[in-house]
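The chain contents come next:
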Amino acid sequence: MNITLNVWRQPDQKSQGQFQSYPATGISPDMSFLEMLDAVNTMLVKKGEEPIAFDHDCREGICGSCGMVINGRPHGPERGVATCQLYMRHFKEGDTITLEPWRANAFPVLKDLVVDRTSFDRIIQAGGYVSVDTGGVPDANCIPIPKVKAEEAMDAAACIGCGACVAACKNSSAMLFVSAKVSQLALLPQGDAERKQRVERMIAQMDKEGFGGCTNTLACEAECPKKIPVTHIARLNREFLRAKLT
Amino acid sequence: MDTFLSLYNSSVGKKFVVALTGLFICSFLVVHLTINLFLFKNDGGQTYDLYAHFMSTNIFIRPIEYILALGFLLHIFTSAYLWWLNKQARSVPYKAKASSENSTLASRTMFVTGSIVFIFLVVHIRTFFVPTRFADVEPSSYEMVKFAFRDPLYVLFYVIAISLLGYHLRHGFQSAFQTFGIKDKKYAPYIHFIGGIFWLLIPLLYIAMPVYFYFNPY
Ligand code: HEM
Ligand code: SF4
Ligand code: FES
């Protein structure tokens, strides 16, 4: 297939960026979106031009690094997949595809489609952990956890920290990301001891990084490649209220 | 006070304040409507005037009036402040826009619908509240209502503003419960059912008044 890419090009953090148009010819519908970009980059390199910078690592939807906004949608038009799991067959011959980096002041653009997501790391460092000596491996089932709770915690833990929730939100809010971690640990006995300080510190850090607040538009849930539901945000709100009022 | 300030310092805490005051105002909508429905009683406005008089003179209603005003101010100020803060979080907008793919229009236009409701509030207070509370001789509220709704422009403005209030509550009512963290699978159907009363039924009943008086001026 032949398509046209309209890509945000920005040499580095300090320079101004702009959109540039590139033809992508001879693309197979079975290529992943990133493979299509690889093909375009090969062509650019052959022509002696600077290839399009984009983040990627695992290419199987588990590392969370490949985020970009495709025609206004984080990770593109398909639900529940990361950009690396998106295939060209979901586009039509002759399409023009607009590619933009995550837009949020807490995610400054480093180059082209690559943004700096270390603000997420600092939120996790503020409380998204359990501080206990690990020691030896405990016996299986010595801490009883009901299956439903274990599953819900596991689903929350599926967050890959990609930042699509922030990119999708009109307020650039990181609430879905923060809620996934707070919820995961609040559901488990291991997380119980620090639940109060965890939620207070993580939310304070989130505000400090310049993410916006949640207005329950649910755009995050719709665009999350791991389909993390907003019920975790409800739990985060509950945890926060409990921490502040008790 | 410390708890309040520490809450208010955080984006989540401010959102609690918006939700709490929003639902508080919703409870006022019910009280206000209940009295208004006496307008439809066919007694030349006798019952309605009785209640209107009670509301503007009773000493127990006074403090509630101040709490209500405070609720409105907190809601408007906090939500506008949050809206502004949220705007600051993204300086470069997207070129391609696809927000309709992932969220409802009502949820994205809360500030606009709220602002129009605010303008309506100011006009409404000027037309109905100020004369009954601060005039030397208390006028008949019933006559005032009848008179105001003879003006087609006023009726139109009223209908549009209340429709937008309904739209504000279409998102706002259920959103408040998500903010409190009590909207889960179990309660969501009830919240949406009661939400329907607030965003559809109540606004329709409010709209019935100007429409009725416009078409039945005598
Ligand atoms: C009769 C009047 C009003 C009622 C009953 C009402 C009710 C509500 C409710 C229940 C919420 C939801 C809170 C939440 O999401 O947690 C809300 C949010 C909001 N209201 Fe109002 N409101 C009224 C007037 C206003 C006015 C005058 C403004 C003026 C700016 C306003 C602006 C907002 C904004 C910006 C939000 C936050 C929207 C969001 O979270 O997306 N509201 N309102
Ligand atoms: S919640 Fe979803 S969208 Fe947000 S960072 Fe985690 S995986 Fe990505
Ligand atoms: S490259 Fe790892 S999630 Fe896409």
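Refer to the structure presented above.
J.: Talk me through the interface of chain A and chain B; I want residue IDs and the actual numbers.
T.: The partner chain B presents 33 residues to the 46 residues of chain A that form the contact. Buried surface at the junction of chain A and chain B, both sides included, amounts to about 3,200 Å², of which 52% is carbon and sulfur. Contact with chain B buries area across many residues of chain A, yet A:Arg103, A:Asn105 and A:Asn216 alone supply 18% of it, more than any other trio. Linking chain A to chain B there are one salt bridge. The residue A:Arg73 makes a salt bridge to B:Glu101 at a minimum N-O spacing of 3.5 Å. Looking at the side of chain A that touches chain B, the elements that each hand over two or more residues are strand S5 (96-100), helix H4 (164-168), helix H7 (195-208), helix H8 (219-223) and helix H9 (231-245) of chain A. When residues of the side of chain A that touches chain B are assigned to their parent elements, the largest contribution, eight residues, is made by H9(A). When the residues that make up the side of chain A that touches chain B are grouped by side-chain class, the tally is 23 nonpolar, 14 polar and nine charged.

J.: If you had to explain H7(A) to someone new, which residues and values would you point to?
T.: Here H7(A) is 14 residues long and its end C-alpha atoms lie 20 Å apart, about the 20 Å a rise of 1.5 Å per residue gives. Turning to H7(A), its buried residues number three or more, namely A:Arg195, A:Arg198, A:Val199, A:Met202, A:Ile203, A:Gln205 and A:Met206. One side of H7(A) holds all its buried residues, which, seen down the axis, span an arc of 160°. Elements in contact with the buried residues of H7(A): helix H2 (118-125), helix H5 (175-186), helix H6 (189-192) and H9 of chain A together with helix H2 (11-36) of chain B. A:Gly210, located one to two residues past H7(A), shows a positive phi value of around 90°.

About the cut-offs
- Residues numbered from 1 in each chain as written.
- Chains lettered and ligands numbered in written order.
- Predicted model: local features only at pLDDT ≥ 70, side-chain atom pairs only at ≥ 80, totals over all residues.
- Heavy atoms only, no water.
- Contact = heavy atoms within 4.5 Å.
- Buried area = accessible area lost by both parts, 1.4 Å probe.
- Salt bridge = Lys/Arg side-chain N within 4 Å of Asp/Glu carboxyl O.
- Helix = DSSP H or I, 4+ residues; strand = E, 2+ residues; numbered from the N terminus.
- Nonpolar A, V, L, I, M, F, W, Y, C, P; charged D, E, K, R; others polar.
- Expected span 1.5 Å × (residues − 1).
- Buried < 20%, exposed > 50% of the residue type's maximum accessible area, 1.4 Å probe, protein only.
- Arc of directions from axis to C-beta.

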